[in-house]
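So you can see what is in the structure, the chains are spelled out below.
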Amino acid sequence: MDIIENLFRGFPELWGGGVAHSVMILSLVITIGLCLGKIKVKGVSLGMAWILFAGLVFGHFHFDLNEHLLHFLKEFGLILFVYSIGLEVGPGFFSSFKNGGRTLNGLVTMVVAFSIIIALVIFYITDIPITTIAGMLSGAVTNTPGLGAAQQAFSDLRHIDAPEIATGYAVTYPMGVLGVILSFILLRYVLRINPKTEEADAQRGRGYLEAMTVNTFSVKVSNEMVDGDKVQHIQKLLKRDFIISRIRKADCEHPYGVVDGDTQLHLGDVLMIVARPADQDSICALLGTPVEEDWTKAGKEFISRRILITKPEVNGKSLAQLRIRSNFGANITRVNRSGIELVAAPNLRLQMGDRVTVVGNELAISHTETVLGNSMRRLNNPNLIPIFLGVVLGCILANIPFRLPFISEPLRLGLTGGPLIVAILIGYFGPKYNLVTYNTISANLMIREVGICIFLACVGLGTGRDFVSTVACQSGLIWVGYGLLITIVPVLLGGLIGRYVFHINYYTLMGVLAGSNTNPPAQAYAGDMTQSDSPAVGYSTVYPFAMFLRIITIQIMIFALG
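Residues numbered from 1 in each chain as written. Predicted model: local features only at pLDDT ≥ 70, side-chain atom pairs only at ≥ 80, totals over all residues. Heavy atoms only, no water.

Right, let's talk about the packing of helix 6 (residues 130–140) against helix 22 (residues 534–561) for a bit. Across the interface, helix 6 lies against helix 22 with an axial gap of 10 Å and an inter-helix angle of 170°. On the basis of their axis angle, the class for helix 6 and helix 22 is roughly antiparallel. When helix 6 is examined against helix 22, the residues I130, T131, A134, L137 and S138 are found in contact with a partner set consisting of I554, M557, I558 and L561. A per-class count over the contact of helix 6 with helix 22 returns seven nonpolar, two polar and no charged. (Axes fitted to C-alpha atoms, helices over the stretch in contact; angles between N-to-C directions. Helix = DSSP H or I, 4+ residues; strand = E, 2+ residues; numbered from the N terminus. Parallel < 35°, antiparallel > 145°, perpendicular 65-115°, else oblique. Contact = heavy atoms within 4.5 Å. Nonpolar A, V, L, I, M, F, W, Y, C, P; charged D, E, K, R; others polar.)

In structure tokens:
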């Protein structure tokens, strides 16, 4: 019995209660939290927030860790979590500001600003300290990295921890999840949404996603002005990115074939075209008439296959440099990167982990497969150098002081901002300089989940002793009400502006608003409402910038008012 008691309470003769005690308590909190996170009510779960609540319970009953060890583990877990997020969003961070993404991210900026303004109003009209307000803000927008950023910023500023940050987060987080979903339901009635119309528009990608999604359609050449023209001439005339994937020649013994720049088009030819929805009308207007075509009649001599980019030497090369079409007679028609479909334009640079769609005969596709890799085993070997090198550079950047005009103290990005920015830069620029930064989704997710589990468990354990008394004394129910204001009002305002000012499709709008709060349960709810990918595409488009804004702005708020 003494052994069991010492494992829970710690071995008195060992520093920090001993390694076995520390590892067991940490692992037990994480295990209980993950198990509780599997519980769903009407499809909604609090997920990993249960780890924090489990830690609070253990901390309340004094089953905790040495404070120095707790501080180290918390910061280490946060670095792993934030850095893995940066690597994931880095490749699409800057491209998310192109075309329609610029407007969607502008809407996110407004939503973030509204939530900060409401939090500051609460701060100035009540006696709640800014540390608690920062925690309430992070919980209300379900942004765990924001919680870590606020704690790190206050620690850098005052050289002490502020447990009330985690307390405010824990109180407002549950309603932060439910508040966004409730806002979606209210917006559906306020905006008088017609589900059938919105679904049809979403399926096509109408609105701001037209420039960020890819459609496949068939066109019969009927414009005499292009009869006999080469494909490369048509592309110069249109000045748009599109790929002619297949062709069925009119009045030909072997009608089906692969198209290259020198292929001549004739009246009656039927083309399968891959392009953005925004460009579809222009392409049809020049070439001819949209038609329905059964391309399965091409048989085995003309097939389509997905190939995974796994060769490091291909990383960072453009499609034009690979010369797949001229060397092997195959066409790369689209590229799937992190779940987003891209038109295979000649200047598009490939990255490790991209999935390309290749069209051609069996031999041509086999040759293409040899060049590109398509070996899952290669990707299963993790690329650890960018991770540890990036963490080193992130720690250096985290401690470089800089000044803002309205703050007297020199500021630092801290162990949240530094690794995040370095990871984004490495994730984006790495492939351009042939640095392989890719890790499989499962490997990246493992690092991220381990990091956030350790962080949340440590936050709960460190805050648990005073949690109940703090909430009871300072009217936790009022905090919940303030948290709901921070959650619901910005989402409703963002929904109204997005619909009436920017005319965004309702399902896309739900994805964008869920992304502005970095709220996966809300995104899952939006995804269940439609058969289209619009919520997921909207969410993934704004998520990188929203995460960056949430982390940076909450640090500035602590530095300015803490």
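Time to look at the sheet that holds strand 2 (residues 242–248). As summarised here, the arrangement of the five strands in space is 3-2-4-1-5, forming an open sheet in which the pairing is antiparallel. If you trace the sheet from one side to the other, it starts and ends with strand 3 (256–257) and strand 5 (288–291), each paired once. In this sheet, strand 4 (residues 270–275) lies alongside strand 2 in antiparallel orientation, the contact comprising six bridges. Within strand 4, the residue paired with F242 across the bridge is A275. (Pairing = 2+ DSSP bridges.)

In this section: the layout of surface pockets. Considered as a void within the structure, the second largest pocket measures approximately 510 Å³ in volume. Mapped by element, the contributors of at least two residues to the lining of the second largest pocket are helix 10 (231–238), strand 2, helix 12 (319–322), helix 13 (324–328) and strand 7 (331–337). Take the lining of the second largest pocket: its biggest share by element is three residues, from helix 13. (1 Å grid on protein atoms, 1.4 Å probe; cavity = no way out; pocket = protein on both sides within 12 Å on 5 of 7 lines; lining within 4 Å. Points joined across faces, edges and corners; volume = space filled by probe spheres on them.)

So, about the pattern of salt bridges. Where charged atoms from two side chains of opposite charge approach closely, those side chains can pair. Considering all chains together, one arrives at three salt bridges under this definition. Between E293 and R248 there is a salt bridge, with its nearest N and O atoms 2.7 Å apart. Highlighted residues: E293 in the loop between strand 5 and strand 6 (303–308) and R248 in strand 2, separated in sequence by 45 residues. For R248, a relative accessible area of 25% gives the class partly exposed. Across the salt bridge formed by K249 and D269, the nearest N and O atoms sit 3.8 Å from each other. With a gap of 20 residues between them, K249 in the loop between strand 2 and strand 3 and D269 in the loop between strand 3 and strand 4 connect regions that are remote in the sequence. The exposure class of K249 is partly exposed, given its relative accessible area of 23%. Its relative accessible area of 2% is what places D269 among the buried residues. (Salt bridge = Lys/Arg side-chain N within 4 Å of Asp/Glu carboxyl O. Buried < 20%, exposed > 50% of the residue type's maximum accessible area, 1.4 Å probe, protein only.)

On to helix 20 (residues 506–516), then. Here helix 20 lies mainly inside the structure; 11 of its 11 residues are buried. Looking at helix 20, one finds that the buried residues are Y506, Y507, T508, L509, M510, G511, V512, L513, A514, G515 and S516. The N-terminus of helix 20 is capped by N505, whose side-chain oxygen sits 2.9 Å from the backbone nitrogen of Y507. At the exit of helix 20 stands T518, carrying a positive phi of roughly 45°. (Polar contact = N/O pair within 3.5 Å; in protein donor to acceptor, adjacent residues only side chain to side chain.)

Attention now goes to unusual backbone geometry. We note that R192 has phi near 55°; this positive angle belongs to a residue other than glycine. Looking at the element boundaries, R192 is found in the loop between helix 8 (163–190) and helix 9 (195–204). Using a relative accessible area of 75% as the deciding quantity, one classes R192 as exposed. Of note in this structure, H503 is not a glycine but carries a positive phi near 55°. With relative accessibility at 60%, the residue H503 sits in the exposed group.

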